[in-house]
Structure formats: structure tokens, C-alpha cells
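# Close look at the chain arrangement
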Amino acid sequence: MALKDAKAGTRNEAGIAAVLGILKQSFGERFQTGQSFREQHAHTTTYIPPQLPDGVLFAESAEDVKAAVNACATHKVPVIGFGVGTSLEGQVNAANGGISIDFSRMNRVIEVNPEDLDCTVEPGVTREALNIHLRDTGLFFPIDPGANASIGGMASTRASGTNAVRYGTMKDNVLAVTAVTANGEEIRTARRARKSSAGYDLTRLFVGAEGTLGILTSVTLRLQAIPQKIAGGACAFPSIKAACDAVIMTIQMGIPVARIELLDTVQMRACNAYSKLSYAESPTLFLEFHGTDETVPLQSAAFAEIAAECGGGEFLWTANAEERTKLWKARHDAYWAARALAPGLAALSTDVCVPISKLADCVSETQADIEEHGLLGPIVGHAGDGNFHVLLLFDDKSTEGVAVAESFVQRLNQRALEMDGTCTGEHGIGQGKMAFLEQELGGAVDLMRQVKQALDPDDIFNPGKIFHHG
């Protein structure tokens, strides 16, 4: 399914040649057209083939972005934003050629407002760099997609991660953005007020647009106070259903769990082997609680009672930072542990999300699918959200291997949609899931096309992503 939609579009050769000359003259060494630079800005962390841009601009300011977009708009040349390249569905590919704008040098924290619990950053600031900058304020930015992604990229893909069950996703934590639109102007979508009834919610239109409506030049974020106390724990269960029942009860009882991650038996086996651990090789929940010295032990005790009621083993938890890090090592190393199961195979990371009441059914049916077709695919889930990932290990060098992988992804997405879920909880659509978006939202995709046409009539912003323009 993905390779069919990752096709090259029509190139505007005359326009591209003109823009290459303009940007080289304007930016000198900050604009590169060498093969290695172009390859670095088209790599994908999946099996979708890279489609190289024709040039890479290392932007240093919003004025640089405006100049580049103006040149591209004048000559109808595609422009693609690039953070650190952690996208999983081909979002950074230059399907029609064009210019990649690299934001690694737009990495300044513009302002921090501790009293208001917010900050404004340039799009190239990474999540880890931001939290280092905030450390002395007693605040932190809570969204953790599992990679040191850029804030601009996280906003563009509406990223989330392990602690979304408590802190929400990027759509809940972005207060405003500034963006350069197709006419080369920079707009601001909102002010810093915590709520507003002033017009359309343009902020959330750009958050999750995957760079198809404009290029972000700054992001204003909601911050959180660093918890007084953090505790982590793990608990094994006899089945996926038992583990999911514990998750549902935890959420329904209002226990403010910060993370609640599900690893299936295959993933636990991989983690034990890779990280030299001795966890039970059965479905396991990893949890984290944020609060005070008084509330965290109460939360942990409440979950222990739920786990026992659902047939779980002993719930071992700790507030010691070093012990907590060791306890979470299995979860943090899950990707590399899974890859180590079959080092010679490629890995396709795909995700779906369903209502949590359907999570056990969806995971169990997916496991049965994997076994029936003789596949290898460990499962990790952000269980509190009903979101789970399969890391499918397959032979990407053979046509048959790719066909088997794509067939599995199709069945997985169909299964999620039949349960009133979504084809992607956090990876985005990009090129890889365009067909499933049509199945999921039907006529609403036509409305998206109308929005795209209104804001980007010449289709210069990241064309060939989310849906086909025509």
C-alpha cells in the first residue's frame, strides 16, 4: 500500500533550476546541492524509498524561510520542512523534487514565561535540548515521542508518545504557531492566552498538517511543573486481556498515571535477551506515576490492587531514580531489542489506535494474524490511549517480502478501523497511509483537499503527502 502512494510526481524542471540559482546567490554556502546533503534530507526510517530534494537550505531565521518560500512560490517549486528526520511514513521525501529547508540552525528558545507555564521556541529546538534549557525553572515539556525529535517536526506530525495518557499530545500542548504561508507572509495563529473564542482554531489546523499548509517558524508550548516525586513499576499478566483490563480499570478509576506501557510476550523475550534482564516473558505493563511524596505511594498502591484483581503478578515499584531507570530499561530499549531478534531483516514500525475497550481484541487479533502468516512482529503499546505499535521484521530486498509486509499493514489498519479506531495514533499519514485515511474519513478528506487548495493553490508545500492534491 505504501509503495504505491510513494510515487514521484511531476517535476517543474525550469522552476527548480531558477530557484536553485536564486537560493545559491542569496545564501551561498548555507544552500547545498551536493548529493550527500540531498541524501541526508530524504532518508526515511522505514522501507519507503527516499526521494531526494534538489537543494537544501540551512535556514537561520524566519526571514530566511520567507525568502525561500517566496522564491519557491514564484516559480511553483515544492518546499519541504526538515527537522531531524525521525518521521516514519515518508513525510520528508521530496516526491516532486524541490527544496528542503533544514531547521537545525533555527534552534533558539525565544522566550520562557515561568509564571504562565509556557515558552516559545524556533522549530529546530529538540525536545531534549528544550528540557535542558528549562531545568532551572522547575518546568518541563512533557511530550516524549521516544526520539529526540525537533519541536517543529513534532508539531507538524501531531506527535505524542509514552506519557500522552496524562499530558496529552502535541495538539493539547501547542498554544500558537507562526508559519510562512504560500504568499510568503508570516502569520501568527494565536496569542499566549490559555483559551480563546477568537475565530477559527488555526493553530490546530497547522498542528498535524505535516508541512502541507505552510512552514512553521516558531511554536508556543504549554509547560508543566517538574513533579516532586516520580515512581515507576512493572507488572506481568497472564494474558493481553488481563493486562488491558487492568489498564481500563486504572483509567476508569481516575488514577493519574503518567505512563502505562504494554509489551507483549515476544517483546519481553527480546528485551530480556538484549538488555540481559530477567522479567517474566509474558504480557507486561510498565507504569510511571507523577505527583507528591503523599500521592505517588497511594497511586502505586491503588494500581497494585487493580493488578491483583486482574490476575497480575507482584507489582514492583520504586521512586529511586537509578532503580527506576533500570526498571524502564526494557521499555526504552524495545526497538533495538526487537531488531536484534532478526538482525538481517528490515524493520517496519507501524501504529494504530483504538478505543481502550477494544485494545485487547485488537492486539490479540493482531498477534493471531502474525502467527498465522509466520511473521515476526513484537508489539509495544501506549495502553492508556489504546495506541500500539508493531515492529514488523521482514525482507525488504525481495518483492515478496515487501508484499507480505504491506498486506499485514493493510489488515492491521482495516482491523483498527472496524473497531472505530484510527490508522495512526501518532506516526502520521505521510506517503505510507494515504489509502487508509480515505477509508477512515471518507468525504472529510475532500474537505481537507479544499482547505489545501485554498491555502496552497499551487501545491508547493510538501506535495504528495496525506492525500493526493488532485
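Residues numbered from 1 in each chain as written. Predicted model: local features only at pLDDT ≥ 70, side-chain atom pairs only at ≥ 80, totals over all residues. Heavy atoms only, no water.

### Details of the packing of helix α17 (residues 399-418) against helix α18 (residues 434-441)
It is at 11 Å that the axes of α17 and α18 come closest, and there the two elements cross at 20°. Judged by the inter-axis angle, α17 sits roughly parallel to α18. By crossing handedness, the relation of α17 to α18 is classed as right-handed. Each of V409, Q410, N413, Q414 and L417 in α17 lies in contact with α18, whose residues at this interface are F436, Q439 and E440. (Axes fitted to C-alpha atoms, helices over the stretch in contact; angles between N-to-C directions. Helix = DSSP H or I, 4+ residues; strand = E, 2+ residues; numbered from the N terminus. Parallel < 35°, antiparallel > 145°, perpendicular 65-115°, else oblique. Left-handed = near helix turned anticlockwise from the far one by under 90°. Contact = heavy atoms within 4.5 Å.)

### Let's talk about unusual backbone geometry
One non-glycine residue, R158, adopts positive backbone phi at about 55°. Tracing the sequence through the fold places R158 in the loop between α6 (151-156) and α7 (164-167). Its identity as a non-glycine residue notwithstanding, I466 has a phi of 70°, on the positive side. Relative to the assigned elements, I466 resides in the segment after α19 (444-455).

### What to know about the sheet that holds strand β14 (residues 284-291)
Taken together, seven strands build an open sheet; the order of strands is β15-β12-β14-β13-β17-β18-β16 and the sheet is antiparallel. Edge strands, defined here as strands with exactly one partner in the open sheet, are β15 (316-318) and β16 (346-353). Between one strand and the next, the sheet's axes are offset by a mean angle of 15°, whatever the strand orientation. Examined bridge by bridge, strand β13 (residues 257-263) and β14 share six bridges and lie antiparallel to one another. Paired with L263 across the strands is T284, a residue of β14. Against the sheet, helix α10 (residues 240-252) contacts β13 and β14, and its axis sits at roughly 170° relative to β13. Sitting on the sheet, helix α11 (residues 265-275) touches β13, β14 and β17 (379-382), and the angle it makes with β13 is about 95°. (Pairing = 2+ DSSP bridges.)

### Observations concerning the domain arrangement of the protein
As assigned here, the protein comprises domain 1 (12-104), domain 2 (109-225) and domain 3 (229-419). Put simply, the middle of domain 1 and the middle of domain 3, counted by C-alpha atoms, are 37 Å apart. Counting residues at the interface gives four residues for domain 1 and five residues for domain 3. Summed over both sides, the interface of domain 1 with domain 3 buries roughly 440 Å², with 57% coming from carbon and sulfur. At the boundary of domain 1 with domain 3, the tally comes to zero salt bridges. For the side of domain 1 that touches domain 3, the class distribution of residues is two nonpolar, one polar and one charged. (Domains from an automatic or database assignment. Buried area = accessible area lost by both parts, 1.4 Å probe. Salt bridge = Lys/Arg side-chain N within 4 Å of Asp/Glu carboxyl O. Nonpolar A, V, L, I, M, F, W, Y, C, P; charged D, E, K, R; others polar.)

### Some thoughts on the pattern of salt bridges
Applying the stated criterion across every chain, the model contains 30 salt bridges. Here E365 ties to R415 by a salt bridge, and the two come within 3.9 Å at their closest N and O atoms. You can see E365 sitting in helix α16 (residues 359-372) and its partner R415 sitting in helix α17, a full 50 residues away along the chain. Residue classification places R415 among the buried residues on the basis of a relative accessible area of 10%. (Buried < 20%, exposed > 50% of the residue type's maximum accessible area, 1.4 Å probe, protein only.)

### Quick word on the UniProt feature "domain: FAD-binding PCMH-type" (unreviewed entry) in the protein
With numbering matched to this structure, UniProt assigns "domain: FAD-binding PCMH-type" (unreviewed entry) to residues 49-226. From the first C-alpha to the last, residues 49-226 spans 41 Å; its make-up is 23% helix and 24% strand. (UniProt positions renumbered as here; feature names shortened; annotations may be inferred.)

### Concerning the sheet that holds strand β1 (residues 31-32)
Pairing is mixed in the open sheet, where four strands are placed in the order β1-β2-β4-β3. Each of the sheet's edge strands pairs with one partner strand only, and the pair in question is β1 and β3 (79-82). Here β3 pairs with strand β4 (residues 99-102) via four bridges, running parallel. Residue G81 lies in a different strand from β4, and its bridge partner there is I101.

### Looking at the side chain of H382
As for its placement among the helices and strands, H382 is situated in strand β17. Given a relative accessible area of 4%, H382 falls into the buried group. Polar contacts involving the side chain of H382 include one to the side chain of E426, which spans 2.9 Å. Residues in contact with H382, not counting those within four places in the same chain, are G161, T162, I260, E261, R331, N387, F388, H389 and E426. (Polar contact = N/O pair within 3.5 Å; in protein donor to acceptor, adjacent residues only side chain to side chain.)

### Some thoughts on the environment of Q91
Along the chain, the position of Q91 falls in the loop between β3 and β4. On the basis of relative accessible area, Q91 is assigned to the buried category, the value being 5%. C-alpha of Q91 to C-alpha of P463: the two residues are 372 residues apart in sequence and 9.7 Å apart in space. Looking at Q91, its side chain comes within polar contact range of the main-chain oxygen of H427, at 3.0 Å.

### Quick word on the nonpolar core
Here is a general trend for soluble globular proteins: nonpolar side chains tend to be buried in one another's company. Residues F237, L285, L287, F289, F303, F388 and F408 are the most contacted members of the largest nonpolar core, which totals 54 residues. Look past the residues within four positions of F408 in its chain and what remains in contact with it is T366, D369, I370, L375, V390 and L392. Counting residues in each nonpolar core, the second largest holds 25 residues, with I151, V174, V177 and A209 among its members. (Core = buried A, V, L, I, M, F, W, Y, C linked by side-chain atoms within 4.5 Å.)

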